[in-house]
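# Descriptive structure summary
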Amino acid sequence: MAGNDTIFALSSGNPPAGIAVIRISGPRAADVLELLGGRIPRPRRASVMRLRDPADGSLLDETLVLSLPGPASATGEDCAELHLHGGRALVARVQQVLSRIDGLRRAEPGEFTLRAFRNGRIDLAEAEGLADLLSAETELQLRNAQALSEGVLSQRVQAWREELLGISARVETAIDFADEEDAGSLDAGFAGDCLQLAERLGEWLDAPRAEILREGYRVAIGGPPNAGKSSLFNALIEEDASIATPIAGTTRDALHRPVALGGVPFLFVDTAGLRDDTGDVIEAIGIQRAADELARADLVLWLGEPGQGPDESWQIATKIDIEPGERPSADFRVSSATGEGIDALRTALVDQAREAMPKPGQIALHDRQAGLIARSHEALIDAGGNHDLLLVAEGLRRARTAFDQLLGRTGTEDMLDALFGRFCIGK
Ligand SMILES: Nc1nc2c(ncn2[C@@H]2O[C@H](COP(=O)(O)OP(=O)(O)OP(=O)(O)O)[C@@H](O)[C@H]2O)c(=O)[nH]1
Ligand SMILES: [K+]
Ligand SMILES: [Mg+2]
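What counts as what
- Residues numbered from 1 in each chain as written.
- Chains lettered and ligands numbered in written order.
- Predicted model: local features only at pLDDT ≥ 70, side-chain atom pairs only at ≥ 80, totals over all residues.
- Helix = DSSP H or I, 4+ residues; strand = E, 2+ residues; numbered from the N terminus.
- Pairing = 2+ DSSP bridges.
- Domains from an automatic or database assignment.
- Buried ≥ 20, exposed ≤ 12 C-beta atoms within 10 Å, placed from the backbone.
- Arc of directions from axis to C-beta.
- Contact = placed C-beta atoms within 7 Å.
- Axes fitted to C-alpha atoms, helices over the stretch in contact; angles between N-to-C directions.
- Parallel < 35°, antiparallel > 145°, perpendicular 65-115°, else oblique.
- Left-handed = near helix turned anticlockwise from the far one by under 90°.
- Nonpolar A, V, L, I, M, F, W, Y, C, P; charged D, E, K, R; others polar.

### So, unusual backbone geometry
In this chain, Pro15 is followed by Pro16 through a cis amide linkage whose omega measures 5°. Assignment of secondary structure puts Pro16 in the loop between strand 1 (6-10) and strand 2 (17-25). Here the phi dihedral of Glu238 falls at roughly 55°; this positive angle occurs in a residue that is not glycine. Its place among the elements puts Glu238 in the loop between helix 9 (229-237) and strand 8 (255-261). In this structure, Lys319 is a non-glycine residue whose phi angle is positive, near 60°. As for its placement among the helices and strands, Lys319 is situated in the loop between strand 11 (314-317) and strand 12 (332-333).

Following this line, the structure appears as structure tokens:
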């Protein structure tokens, strides 16, 4: 991703659509408007312009355009937007014309946001929230993503960082006053201030992680062949996704379906029936996968003999329409054929999953963010418990480095590709 090119991309959804927005960012953004429209419109005002192909003067579109000079733009660079009519041929043609202009090229996925980050328009924690925002499909995901992308965490970290600088200054002063006879000492309240700050960091580590929000609460369905696992899977997700037949060993591979229930993200997993005596190589692999899935799930719905499922699984009696007396001690009694009991099971699943999700007011941190807060937390506790001034200063420095990494001010190059690769083209 070369930094000085002017980049462009279709930032709205795939055509055909009512409008197609092409965003342009970089030093030639204003030139593009002049080349195509004959003038640079007033900044930040919607103007209508006739855009022409500079090669032959032919009309491209009569359209709304915006000139958004940097640094007060989304990327921090000069930007422009073309709000074209959203037809496929038109959008393709305008992009072709743009790519022929010197210094212009198509943007990579996430490149606009990467530039915003590089130019200090957003920090790394906000960029992570923005990536979540674009992929949010449920209310819970949306709420968390908005909090992160609006900088709720970043502002908190900045405030902690300020406080930390104040604490560090006290150590530096003590070090300055130390001499050969006197090792120097810290003021009485010092340790308490370190521990108090650590405690406030610790509160943020209590919330569940953003990964469970992103991936969903994993519910795996397990049990012996023909127990009715795939039928239950289909009934729960209300889609005929998994093949269910009277032949034992129908399901081979594990099947995953993300679904939102009651505003909570779930990942349902159907698995191969567990049995010891299969002579089928493919089925044997499926059984291994099934065991892995059951071990990995947040919750297992167990359709086999009571007590033989994984710990903490829910015992389900299914096929109650034809086997009403089976498994009298089951937690739930359902029929995938008639739908009886399915709603009650679904409601219980939503209640259970909600417990694992962030509560209102809590913010789910990414593993990366939580790891760095944990590092600061630990360094502050170390500093608060130490009397050697140089070691205290070192602990506080570690805490500050972790804050800086959290905000992307330092030491984060290696994770940028992974993060910005999560964005779509045009963002
Ligand atoms: N009447 C009735 N039949 C059911 C019910 N659930 C499943 N079945 C039938 O039981 C048979 C096995 O169902 P599946 O859903 O394929 O069972 P499975 O556990 O996924 O089987 P494998 O993938 O082979 O391990 C099929 O013929 C289903 O139609 C139910 O609630 N009521
Ligand atoms: K089956
Ligand atoms: Mg099956």
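### Considerations on the sheet that holds strand 10 (residues 299-302)
An order of 8-9-7-10-11-12 is seen for the six strands of this open sheet, with the pairing classed as mixed. Edge strands, defined here as strands with exactly one partner in the open sheet, are strand 8 and strand 12. Where strand 8 meets strand 9 (residues 264-270), seven bridges bridge the pair, whose relative direction is antiparallel. Across the sheet, the residue bridging to Leu255 is Asp270, located in strand 9.

### Describing the domain arrangement of the protein
Partitioning the protein into structural domains gives domain 1 (6-118), domain 2 (129-207 + 364-408) and domain 3 (214-356). For domain 1 and domain 2, the distance between their C-alpha centroids amounts to 42 Å.

### Describing helix 5 (residues 139-149)
Buried residues of helix 5: Leu140, Gln141, Asn144, Ala145, Leu148 and Ser149, and no others. Down the axis of helix 5, the buried set is contained in an arc of 150°. They therefore lie on one face. In the core, the buried residues of helix 5 are packed alongside helix 4 (124-135), helix 6 (152-177), helix 8 (210-215) and strand 9. Just past helix 5, the residue Gly151 takes up positive phi, approximately 90°.

### Brief notes about the packing of helix 6 against helix 7 (residues 190-205)
Running from amino to carboxyl end, helix 6 crosses helix 7 at an angle of 160°, the nearest separation of the two axes being 11 Å. Compared by their axis directions, helix 6 and helix 7 come out roughly antiparallel. Of the two elements, helix 6 crosses helix 7, and the hand of that crossing is left-handed. Only Phe190, Asp193, Cys194, Leu197 and Leu201 of helix 7 make contact with helix 6, whose side of the interface consists of Trp160, Glu163, Leu164, Ile167 and Arg170. Each residue belonging to the contact of helix 6 with helix 7 can be placed in one class, and the counts come to seven nonpolar, no polar and three charged.

### Side note on the environment of Trp314
Secondary-structure assignment places Trp314 in strand 11. Trp314 sits in the partly exposed class, given 18 other C-beta atoms within 10 Å. Separated by 305 residues in the primary sequence, Trp314 and Ala9 place their C-alpha atoms 49 Å from one another. With residues near it in sequence (within four places) discarded, Trp314 still touches Leu299, Leu301, Trp302, Asp331 and Phe332.

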